[in-house]
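Survey of secondary and tertiary structure
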Amino acid sequence: MARRGRKRDRLRWSKLYSFACVRPTVLLDDEQPSSLQGPGYSRIVHCNRPLLHRKKPLDYRNNYITTTKYNVITFLPKALFEQFRRVANIYFLLAAVLSLTPVSPFTPVSMIAPLAFVVGLSMAKEALEDWRRFIQDMKVNSRKVSVHNGEGQFGYKQWQDIRVGDIVKVEKDQFFPADLLLLSSSYEDGICYVETMNLDGETNLKVKRSLEVTLALDDDEAFRDFTATIKCEDPNPNLYTFVGNFEYERQVYALEPNQILLRDSKLRNTTYIYGVVIFTGHDSKVMQNATSSPSKRSRIEKKMDKIIYVLFTILVLISLISSIGFAVITKNKMPDWWYLRPDDTSSLYDPSRPALSGVFHLVTALILYGYLIPISLYVSIEVVKVLQATFINRDVLMYDEETGNPAQARTSNLNEELGQVDTILSDKTGTLTCNQMDFLKCSIAGVSYGVRSSEVEIAASKQMETEASGTPEHQNVTRDLWEDNRGAYGSSEIELVNGIPSMVDKPRKPVIKGFSFEDDRLLNGNWTKEPTANTILMFFRILALCHTAIPEPNEDTGGFTYEAESPDEGAFLVAAREFGFEFCKRTQTSVFIREKYSPSEEPVEREFKILNLLEFSSKRKRMSVVVRYESGQILLLCKGADSIIFDRLSKNGRLYESDTSRHLNEYGEAGLRTLALAYRVLDESEYSAWNTEFLKAKTTIGPDREAQVERISDIMERELILVGATAVEDKLQKGVPQCIDKLAQAGLKIWVLTGDKIETAINIGYACSLLRPGMKQICLSTVSNDLLTQDANKAAKENILMQITNAGQMIKLVKDPYAAFALIIDGKTLTYALEDDVKNQFLSLAVDCASVICCRVSPKQKALVTRLVKEGTGKVTLAIGDGANDVGMIQEADIGVGISGVEGMQAVMASDFSISQFRFLERLLVVHGHWCYKRIALMICYFFYKNIAFGLTIFYFEAYTGFSGQSVYDDWYMLLFNVVLTSLPVISLGVFEQDVSSEVCLQFPALYQQGPRNLFFDWYRIIGWMFNGLYTSIVIYFLNIGIFFCRSFRSGGQTADMAAIGTTMFTCIIWAVNVQIALIMSHFTWIQHLFVWGSVATWYLFLLAYGTSTLSGNAYQILVEALGPAPIYWAVTLLVISVCNIPYLLHISYQRALNPLDHHVIQEIKYYKKDLEDQRMWKREKTKARQKTKIGFTARVDAKIMQLRGRLHKKAPSLTVQTV
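**Overview of the overall build of the chain**
- Counting secondary structure elements, the chain contains 38 helices and 35 strands.
- The 1220 residues of the chain split such that 57% are buried.
- Within the chain, contacts between residues separated by at least 24 positions form 74% of all contacts whose residues are at least 6 apart in sequence.
- Summed over its atoms, the accessible surface of the chain is roughly 51700 Å², and 56% of this surface lies on carbon and sulfur atoms.

What follows is the structure in structure tokens.
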């Protein structure tokens, strides 16, 4: 009788699985428990006695977690540190302090207030972003779970209140709140199913097993008097290892990773489990893999600091010139200037101590010329970035209607960095894939079945059909290639029409998830009419029997859903069901199949005894089951990689080998995942002898147990008879191949970092076209060695270094420019490859490869690889993922992008940007990234230009007036220059500027390379803008002084005073810099016109208003009475504006005419509407605007086109005969 609360289904997987560890038993007297003493093995857990862990010497952490950058105590010092990492802010802080002294030319308020505003605004923005992280942390910490309160009573507690030693009860589909030791479950033999997607990215379920001694703890009451002690390893980030002992009832039991349930894993297909908490909060393995939230700054912002250094150097230089000049004049000329009372002076201008006066004047000059370094630059950039982030958040083309999630810029500090990405490091599961496989084709007995085409075949056919027809295109050709015609009402087949592959749409049945197969020869029982019906029957039975899945009744459909270890198995079972072989039940020893040979027949339920199950592993690359038919016949059914299966075929089993091999190649070229199927008939005596040896090996205790089991299994998996092969299409997330293709055309490199098995990762690589047929694969691997001695580690490292060296030499020796290489490496090998003396060679090899796939990597390794690429290449890296296992690399990369998927929000909370699907990354980078980079680059260059143009005129006038410290401009003019009169145009440039439209950005992905190549913010362009500012300042000052000097100004013959000449010079500056920004802009809306010309109009309105004020002093009614009526004022303004901006006009005209950039060409084509009038030219330009790449959908389609053309050449003679 089953224990209370247990499921009646008594599957004992511990007996069924051949490679599962034997359940640990009590250690014998002559055996010693694992040595758990010394550093790293000091943790003691008193089960069911959590209060003991709150006191010293234990005093373990609580279960509260935080991912924020700041807390209440650290916010002020850390946020201030962040602000004053900016060089300009340090300068203005010093200036604000000096403004409190008598040497300051300005009042303290005028210096302190702007700095406080700038720093305060930026700190408020940081606080708001961190507050959002805090709210998300509180949501996680406030989750509830059932915890033992004593006396056999359980009650709900928040996660943050859980302590080490607590007994928790986790129910189906709940996350584990901490790292637990599994004590028992709702299954009788203590197994449970766990989904570890947030840890390693895998969605297939893992089987965990409790110790046999704790199976009796099957209900709440059983924990009334339960006590035990766990001695185990200290907190560490290793997800796949655990060492510990369990002391219970005076016996010691060895613990293994198989009994540990990790935080953020999810309980699946199990009603409940009981567990004891071992690691909590930041001690848990998932948090040990997390890295602290970094403070990220864009490369442009870092370079801006260097420009500030340059400007500060110029500032100090001209201040020194000014102070020396002041000292010289004070010594030599001031004694003769009686009106300055040289006999009654202060130390600020003492002729007897000119050196001291010069030092004081140096401080005055440093503050006076501060306009060279614009304090408003940082505020303007903050405003612009926030507005750019708002546009990203509200882009409807990055809104996911299914989930209702928009794109979100979680921090606006890195907007421009999106336009400079060189390498993308991506997770696989949940990021690239949705883990849905579709059964599409199969080969049985040398005959290929399945008439539908894969996405790769459809795209290649469309491309060839387009090229042959020469049809003009108004849409993006590449985008059309990806449009899948296989909707709910039609299917796509490729047929030769007049020698050209052509798409033929045919009606089909409604979509069945996991089954896209169409071929009347096999469906509806028609397979029984085929000449090889017996072989087809065997094929279907292998699909239905060779797996480890569990059927779950589906009340909605009346059928079954399958919980399989991999999406492939699920697709095979759905296919078997559609062919008439429905897997309906599994017991401890049998599998039941409902077989239905024709639609008119009733299904017959057959029982197949499962005698042995030989599991799949990455090393074996196959799995087998030994079954006994109802007739008593014993068969071994096997499925696996074709290379493995073909090597194990008997002489009589190779009848269909050549045809099947050809079909497998075709399926691979079409982007499908393939497996070969085979069987072997066993006689009773042969099986009995083998099973005896197999059970003996299985029950062996020792380090060589798995090797013995593998050796015995290999003996049985020989002399096979080939049946056929399957081909499934890996369902990537919508738009993933298109997005990867566009990013590859934009010149970006893409690495995949996944916790999946190497085979799965390779198949995904093929599905999303990171890998393709003909690409040479470099697989780095290490020999498994259980003896982790120093010598063994050294030998393994040397072996890997040799593999890397050989692979690098091989790449260099290849002369074919079209040759492509892919690097594939697993987590164990990566451990050695990331060591200091190997990592540079590994990175050099990886950079030479077209694509890189890292498999079985831990979250920590993902972060380390990201750091290696970021620091080793010195280029911008972007990491994208959706689970907690991706947080490390998201935080380590220059830009972290989280996908707001179904599973958790940890990746999103750690990210800088979040999107709901991978495909939106295309628009985020190629459109918004390109725009934001160019906007910020132009904006900063322009900012320095206008401030140099303005600031140097102050220096010129001070030199002209004997370095007196006198400014030619009114104080109000200087105050309004950056705050009002030039601020809005530069903000509109940073927010609205578009060199080309978003559609053109996507059609011409090579435009993106302007960012990684830094065309608009290199030193050549920066210095060019600085010289433009220098030129403008010279023109404005000397033309005005030259024209107004000793020249009558008014009708009465009066000459201009300082107020008149200062106002005229300021008018010229306002006009010159606003006309300059208008010339920079490529895209105008009414907002830009309002801000640019409105700023000029504001200056005149201010002059009118200021002239009537008593504060105006010498500028009273200056526009109405002095400047307005004077023709020379308007003539000088027009002359100066023209002279200032004509050189820029000549430069841009020369560049567009003789040396145009890519966007210049596109702008002219669009302006003259050549894209509509000359389609051939437009298509040619679009083709040229793709970076040469060896990965992506387009590269794969090109390879497929070559193959199809090869077929056409072969068919040409027959076509000619038919024509005749």
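**Notes on the pairing of strand β4 (residues 167–171)**
- Along β4, four of the five residues are buried, which leaves the element largely enclosed by surrounding structure.
- Pairing analysis gives two bridges linking strand β2 (residues 144–150) to β4, with the strands arranged antiparallel. Across the sheet, Ser146 pairs through a bridge with Lys169, a residue of β4.

**Things to note about the pattern of salt bridges**
- Considering all chains together, one arrives at 46 salt bridges under this definition.
- Of the charged contacts in the structure, one is a salt bridge between Lys231 and Glu247, with a shortest N-O distance of 3.5 Å. Taken together, the residues Lys231 in strand β8 (residues 228–232) and Glu247 in strand β9 (residues 244–248) connect sequence positions 16 residues apart.
- Take Glu247: its relative accessible area is 29%, and that puts it in the partly exposed class.
- Between Glu684 and Arg628 there is a salt bridge, with the nearest N and O atoms lying 3.1 Å from each other. Of the two residues, Glu684 is situated in helix α16 (residues 684–698) and Arg628 in strand β25 (residues 622–628); the sequence distance between them amounts to 56 residues.
- Owing to a relative accessible area of 23%, Arg628 belongs among the partly exposed residues under this scheme.
- Several salt bridges share partner residues, and in doing so they unite Arg622, Arg648, Glu710, Asp714, Glu717 and Arg718 into one network.

**What to know about the environment of Glu601**
- Structurally, Glu601 is set in the loop between β23 (590–595) and β24 (604–614).
- The spatial distance from the C-alpha of Glu601 to the C-alpha of Gly525 is 9.8 Å, given a sequence separation of 76 residues.

**Concerning the side chain of His930**
- With respect to the helices and strands, the residue His930 is situated in helix α26 (residues 920–960).
- Among all residues touching His930, those that are not within four sequence positions of it are Gly419, Leu925, Asp995, Cys1001, Leu1007, Tyr1008 and Gln1010.

**Things to note about the sheet that holds β9**
- A sheet is described by the order of its strands in space; here four strands give the open sequence β1-β8-β9-β10, paired in antiparallel fashion. In the strand order of this sheet, the two ends are held by β1 (43–47) and β10 (251–255), each with one partner. Strand-to-strand twist across the sheet, computed as the mean angle between neighbouring axes with direction ignored, equals 20 degrees.
- Direction of pairing for β1 relative to β8: antiparallel, over a ladder of five bridges. Its bridge partner lying in β8, Ile44 is registered against Lys231.

**Points about helix α34 (residues 1127–1154)**
- In this model α34 runs 40 Å from its N-terminal to its C-terminal C-alpha over 28 residues, within 8% of the 40 Å that 1.5 Å per residue would give.
- Buried within α34 we find Ile1128, Tyr1129, Val1132, Thr1133, Val1136, Ile1137, Cys1140, Asn1141, Tyr1144, Ile1148 and Gln1151.
- Taken together, the buried residues of α34 touch α30 (1019–1044), α31 (1058–1080), α32 (1086–1107), α33 (1118–1123) and α35 (1158–1167).

**Considering empty space enclosed by the protein**
- Following the criterion strictly, the structure yields four cavities of 30 Å³ or more and no others.
- As for the largest cavity, its lining consists of Arg86, Ile300, Glu301, Met304, Tyr378, Ile381, Glu382, Lys385, Asn413, Glu416, Ile936 and Ile940.
- Elements with a contribution of two residues or more to the lining of the largest cavity: α7 (299–332), α9 (376–393) and α26.
- Of the residues forming the lining of the largest cavity, the biggest block, four residues, is contributed by α9.

**Overview of the nonpolar core**
- Judged by nonpolar contacts, the single largest core of 109 residues is most densely connected at Ile940, Phe950, Tyr969, Tyr973, Phe1017, Phe1066 and Trp1099.
- With 18 residues, the top contributor of residues to this core is α26.
- Residue contacts for Trp1099: discarding those within four places in its chain leaves Tyr973, Leu981, Thr1063, Phe1066, Thr1067, Ile1070 and Tyr1129.
- Membership of the second largest hydrophobic core comes to 56 residues, among which are Leu770, Ala820, Leu878 and Ile895.

Each value, and the rule that gives it
Residues numbered from 1 in each chain as written. Predicted model: local features only at pLDDT ≥ 70, side-chain atom pairs only at ≥ 80, totals over all residues. Heavy atoms only, no water. Helix = DSSP H or I, 4+ residues; strand = E, 2+ residues; numbered from the N terminus. Buried < 20%, exposed > 50% of the residue type's maximum accessible area, 1.4 Å probe, protein only. Contact = heavy atoms within 4.5 Å. Areas by Shrake-Rupley, 256 points an atom, 1.4 Å probe, with all protein chains shown as cover. Pairing = 2+ DSSP bridges. Salt bridge = Lys/Arg side-chain N within 4 Å of Asp/Glu carboxyl O. Axes fitted to C-alpha atoms, helices over the stretch in contact; angles between N-to-C directions. Expected span 1.5 Å × (residues − 1). 1 Å grid on protein atoms, 1.4 Å probe; cavity = no way out; pocket = protein on both sides within 12 Å on 5 of 7 lines; lining within 4 Å. Points joined across faces, edges and corners; volume = space filled by probe spheres on them. Core = buried A, V, L, I, M, F, W, Y, C linked by side-chain atoms within 4.5 Å.

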